[in-house]
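Below, each chain spelled out in residue letters.
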2 protein chains.
Amino acid sequence: MLKVPEHQVAGHLAIDGKLGPLVDDSGRFYKPLQGDGRGNKELAFYESFSSDTRVPEHIRKYFPVCYGSQLLEASNGSGLLHHLVLQDIVSSHSNPSIMDVKIGSRTWYPEASDNYIQKCLEKDRRTTTVSLGFRIAGLQLYEGKESGYWRPGRREIQSFTVYNVRSILRRFVSSNSSIGNESSDCSFAPSIYGGSAGILEQLLELKAWFEDQTIYHFHSCSLLILFDKESVSKGSTPVPVIKLIDFAHVVEGKGVIDHNFLGGLCSLIKFVSEVLSDSKESLIKDCVESEKPGICTDNGNCQQS
Amino acid sequence: MLKVPEHQVAGHLAIDGKLGPLVDDSGRFYKPLQGDGRGNKELAFYESFSSDTRVPEHIRKYFPVCYGSQLLEASNGSGLLHHLVLQDIVSSHSNPSIMDVKIGSRTWYPEASDNYIQKCLEKDRRTTTVSLGFRIAGLQLYEGKESGYWRPGRREIQSFTVYNVRSILRRFVSSNSSIGNESSDCSFAPSIYGGSAGILEQLLELKAWFEDQTIYHFHSCSLLILFDKESVSKGSTPVPVIKLIDFAHVVEGKGVIDHNFLGGLCSLIKFVSEVLSDSKESLIKDCVESEKPGICTDNGNCQQS
């Protein structure tokens, strides 16, 4: 009944006798509790978070629902192991395009050991974490029935430059996203990044909370961003999803905002805004250049009159 | 004609035969060009900044005016030396209270050498830079004609904790700010932090720019925050001043926002907001508790009816 998740883009996979998360058919995601206390820290975070009345209702939707923990046969055959039982965010999507974006210009926290800090710092400098305030930690782009998914390997992802990240944020919402295609059309940007339920509005809602909340500092957390390209192509407008995941390194805020997460979030917001405004500009250009006069509406659609 | 600045709160002082900045009587501040290229980098920044048409006019007021460079007798008697000629921000104030707040949760930049990064990181961890996203780097509080100024020494400043910083942000706008006074009254908070020309509004204006500008990354820069307590006490409402200073480590933004500066700025904004709202709350309490019925006006004054 339990199986390996089809659309896991980061972290250890439960294949080849390795330990990794599992999913069931009822929409639950089973994450083995990580060793050296990290698993218990993540469980403790979910327990604290779910009962914390200071967290506003409209913010809870950005976190997976947690159903506690459960003893299960581990995927590596090592016997019974405690698993976090979480909402499976991806299962209800048939062909999801997914980005796992680790937020913050540092992934370490002040209380950590010198060794841990140096290890994180080295990786933060090697990736775009320091320069951008975030890095892409996992990725799959659905490119259509024939080509299937683009799933870059871990090494390729870790070598992404600022230029790559900008280009991926464009390809993520393009209809012509195949590898090697230099000029992404960004045709889904208005409906996925834009609009009142789009990625940008959701990021701005999160930002407003992070400007104020001093409860938690989310070190090394990711934003999972996903949508179903197939249904956009078919003309329906699915609501793109944003969820925060990975809470093994969350610490108490102690009355200070999470300026590290907030700074990175603002940087991501700027990138997404730019893709969106570029796509609107090119749409206006298309309207002007087309023979029929057109009006570019607020949501970026080109209304032919 | 040139003399040692009376109100310099950070950096090297031009006393005891040391090299430091000088001022004249016409409101100019002469900063010796620092060695190892830093001085020239700062001069280059001022030149680039002053001619950059992408910088909006309403943002320029947050930077000192630069009048180029000039050869002057150095304060340490070593002979002629190039000095940056800047607007003297402090001279027009008779009894200024001043904070030098170094913004950002890291003071190093990605392109720096490993040695430089480790040196900065060590200091960033030792001070509140990592935890708060900013640290107080210099301070003088005017406490009145009799007590004069509170000017903590460099070591004391470098040992400030989060608790100390919060308390100093309260004492900065209190009429009873003498050392050892635990319950700062924050009576100047509404007129200095609050109001349409107050510190908070100015910080928010800067924040809006930093959410958008991708021209510069301001590493190891400070916000100089100052006002004249004497004139507040006398009933006039002076406009408090905010200026960015120290640009020896500014690098090109290359299309990315300065998420490091922005995060720290948002953290400072949160602290200032809290002092302001606390002061309004205690004012409401005072109004309620006083025998005469009172109305707490928007600007935080208690109107007795």
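Computed from a prediction, not measured in an experiment: that's the story for all the values here. (Residues numbered from 1 in each chain as written. Chains lettered and ligands numbered in written order. Predicted model: local features only at pLDDT ≥ 70, side-chain atom pairs only at ≥ 80, totals over all residues. Heavy atoms only, no water.)

## Remarks on the overall build of chain A
Then, number 1: The secondary structure content of chain A amounts to 10 helices and 13 strands.
Then, number 2: Taking 19 Å as the expected radius of gyration for a compact globule of 305 residues, we find that chain A reaches 20 Å, a close match to that expectation.
Then, number 3: Seen along its three principal axes, the alpha-carbon backbone of chain A occupies a region of about 65 × 45 × 40 Å.
Then, number 4: The buried share of chain A, taken over its 305 residues, is 53%.
Then, number 5: In chain A, the 32 positive side-chain charges and the 37 negative ones have mean positions that sit 3 Å from each other. (Helix = DSSP H or I, 4+ residues; strand = E, 2+ residues; numbered from the N terminus. Rg over C-alpha atoms; globule rule 2.2 N^0.38 Å. Buried < 20%, exposed > 50% of the residue type's maximum accessible area, 1.4 Å probe, protein only. Lys, Arg positive; Asp, Glu negative; His and termini not counted. Charge placed at Lys NZ, Arg CZ, Asp CG, Glu CD.)

## Structural notes on the interface of chain A and chain B
One frequent convention defines the size of an interface as the accessible area lost when the parts assemble.
Then, number 1: In this assembly, 31 residues from chain A lie in contact with 32 residues from chain B.
Then, number 2: Between chain A and chain B the total buried area reaches about 2,400 Å² when both faces are included, carbon and sulfur atoms providing 56% of it.
Then, number 3: In this assembly, chain A and chain B are joined by 6 salt bridges.
Then, number 4: Across the pair Arg125(B) and Asp114(A) runs a salt bridge, and its minimum N-O distance is 3.0 Å.
Then, number 5: In this assembly, chain A and chain B are joined by 16 residue pairs in polar contact (both at pLDDT 80 or more).
Then, number 6: Breaking the side of chain A that touches chain B down by element, the ones donating at least two residues are α3 (114-126), α4 (129-132), α6 (162-171) and α10 (259-289) of chain A.
Then, number 7: The leading source of residues in the side of chain A that touches chain B is α10(A), at 8 residues.
Then, number 8: Of the residues contributing to the side of chain A that touches chain B, the split by class is 13 nonpolar, 10 polar and 8 charged. (Contact = heavy atoms within 4.5 Å. Buried area = accessible area lost by both parts, 1.4 Å probe. Salt bridge = Lys/Arg side-chain N within 4 Å of Asp/Glu carboxyl O. Polar contact = N/O pair within 3.5 Å; in protein donor to acceptor, adjacent residues only side chain to side chain. Nonpolar A, V, L, I, M, F, W, Y, C, P; charged D, E, K, R; others polar.)

## Observations concerning the pattern of salt bridges
Then, number 1: Within the structure shown, the criterion is met by 32 salt bridges over all chains.
Then, number 2: Notably, a salt bridge pairs Arg54(A) with Asp52(A), separated by 2.7 Å at the nearest N-O pair.
Then, number 3: For Arg171(B), the salt bridge identified is with Glu143(B), shortest N-O distance 3.6 Å. Here Glu143(B) lies in the loop between β6 (134-142) and β7 (149-150) and Arg171(B) lies in helix α6 (residues 162-171), a separation of 28 residues in the sequence. You'll find Arg171(B) and Glu143(B) in the same group, each marked buried.

## Details of empty space enclosed by the protein
Then, number 1: All chains considered together, the criterion is met by 2 cavities of 30 Å³ or more.
Then, number 2: Here the largest cavity defines a volume of roughly 70 Å³.
Then, number 3: Split by residue class, the lining of the largest cavity holds 5 nonpolar, 2 polar and 2 charged.
Then, number 4: There is about 50 Å³ of room inside the second largest cavity. (1 Å grid on protein atoms, 1.4 Å probe; cavity = no way out; pocket = protein on both sides within 12 Å on 5 of 7 lines; lining within 4 Å. Points joined across faces, edges and corners; volume = space filled by probe spheres on them.)

## Observations concerning the nonpolar core
Then, number 1: Of all hydrophobic cores here, the largest spans 128 residues; its most connected members are Tyr193(A), Phe218(A), Tyr193(B) and Phe218(B).
Then, number 2: Other than its neighbours up to four places away in sequence, Tyr193(B) contacts Met99(B), Leu169(B), Phe172(B), Val173(B), Phe188(B), Gly198(B), Ile199(B), Leu200(B), Val272(B), Val275(B) and Leu276(B).
Then, number 3: The next biggest cluster of nonpolar side chains, apart from the first, holds 16 residues, and it includes Leu121(A), Val130(A), Cys120(B) and Leu121(B). (Core = buried A, V, L, I, M, F, W, Y, C linked by side-chain atoms within 4.5 Å.)

## Here we look at the environment of Ser279(A)
All names here are of chain A.
Then, number 1: The topology assignment puts Ser279 in helix α10.
Then, number 2: On a C-alpha basis, the gap between Ser279 and Val90 in space is 27 Å, while along the polypeptide they are 189 residues apart.
Then, number 3: When sequence neighbours within four positions are dropped, the list of residues in contact with Ser279 reads Cys186, Ala189 and Pro190.

## Regarding the relation of the copies chain A and chain B
Then, number 1: Each copy superposes on the other: chain A lies on chain B with an RMSD of 0.0 Å after a rotation of 180 degrees and an axial shift of 0.0 Å. Accordingly, the operation relating the two chain copies is best matched by a two-fold axis. For chain A, the smallest separation between a C-alpha atom and the rotation axis is recorded for Gly263(A), amounting to 2.2 Å. (Least-squares fit on C-alpha atoms with pLDDT ≥ 70 in both.)

## Looking at the pairing of strand β2 (residues 28-32) of chain A
Residues and elements named next belong to chain A.
Then, number 1: Within β2, 4 of the 5 residues are buried, which leaves the element mostly enclosed by the surrounding structure.
Then, number 2: Pairing of strand β1 (residues 22-23) with β2 involves 2 bridges; the strand directions are antiparallel. Paired with Val23 across the bridge in β2 is Phe29.
Then, number 3: In this sheet, strand β4 (residues 80-87) lies alongside β2 in antiparallel orientation, the contact comprising 5 bridges. Following the sheet pairing, Tyr30 is matched in β4 by Val85. (Pairing = 2+ DSSP bridges.)

## Some thoughts on helix α1 (residues 38-51) of chain A
Residues and elements named next belong to chain A.
Then, number 1: In this model α1 runs 20 Å from its N-terminal to its C-terminal C-alpha over 14 residues, within 8% of the 20 Å that 1.5 Å per residue would give.
Then, number 2: The set of residues buried in α1 consists of Gly39, Glu42, Leu43, Phe45, Tyr46 and Phe49. Within α1, the buried residues cover an arc of 155 degrees as seen down the axis, which keeps them to one side. Exposed and oriented more than 90 degrees from the buried face of α1 are Asn40 and Ser51.
Then, number 3: Residues of α1 that are buried make contact with β2, α2 (57-60), β3 (66-73), β4, β8 (216-218) and β11 (250-252). (Expected span 1.5 Å × (residues − 1). Arc of directions from axis to C-beta.)

## Structural notes on the state of the cysteines
By definition, a disulfide links the sulfur atoms of two cysteines through a covalent bond.
Then, number 1: Throughout the structure, instances matching the rule amount to 0 disulfides over all chains.
Then, number 2: Cysteine Cys221(A) is unpaired, with the sulfur of Cys120(A) as its nearest cysteine sulfur at 13 Å.
Then, number 3: Of the residues examined, Cys221(A) reaches a relative accessible area of 0% and is grouped as buried.
Then, number 4: Cysteine Cys66(B) remains unbridged, with the sulfur of Cys221(B) as its closest cysteine sulfur at 14 Å. (Disulfide = S-S within 2.5 Å.)

## Notes on the sheet that holds strand β5 (residues 96-103) of chain A
Residue and element names in this part refer to chain A.
Then, number 1: A sheet is described by the order of its strands in space; here 5 strands give the open sequence β7-β6-β5-β9-β10, paired in antiparallel fashion. Each edge of the sheet is formed by a strand with only one pairing partner; in this case those strands are β7 (149-150) and β10 (241-245).
Then, number 2: One ladder, built from 7 bridges, connects β5 with strand β9 (residues 222-228); its direction is antiparallel. Residue Ser97 lies in a different strand from β9, and its bridge partner there is Phe227.
Then, number 3: The strands touched by α6 are β5, β6 (134-142) and β7; relative to β6, the strand with the most contacts, the crossing angle is about 35 degrees.
Then, number 4: Set on the sheet, helix α8 (residues 199-210) makes contact with β9 and β10; between it and β10 the angle comes to about 40 degrees. (Axes fitted to C-alpha atoms, helices over the stretch in contact; angles between N-to-C directions.)

## Looking at the sheet that holds β1(A)
Residue and element names in this part refer to chain A.
Then, number 1: Taken in spatial order, the 4 strands make up an open sheet running β1-β2-β4-β3, and their pairing is antiparallel. Two strands in the sheet have a free side with no partner beyond their single neighbour: β1 and β3.
Then, number 2: Helix-sheet contacts for α1 involve β2, β3 and β4, and the interaxial angle to β4 is about 35 degrees.

## Things to note about the confidence of the model for chain A
Residue and element names in this part refer to chain A.
Then, number 1: Looking at chain A as a whole, the pLDDT averages 90, with 92% of positions reaching at least 70.
Then, number 2: In this model, residues 294-305 is a region of pLDDT below 50 whose contacts with residues beyond four sequence positions or in other chains number 23 contacts.
Then, number 3: What the predictor reports for the complex is a pTM of 0.92 with an ipTM of 0.91. (pLDDT = per-residue confidence, 0-100.)

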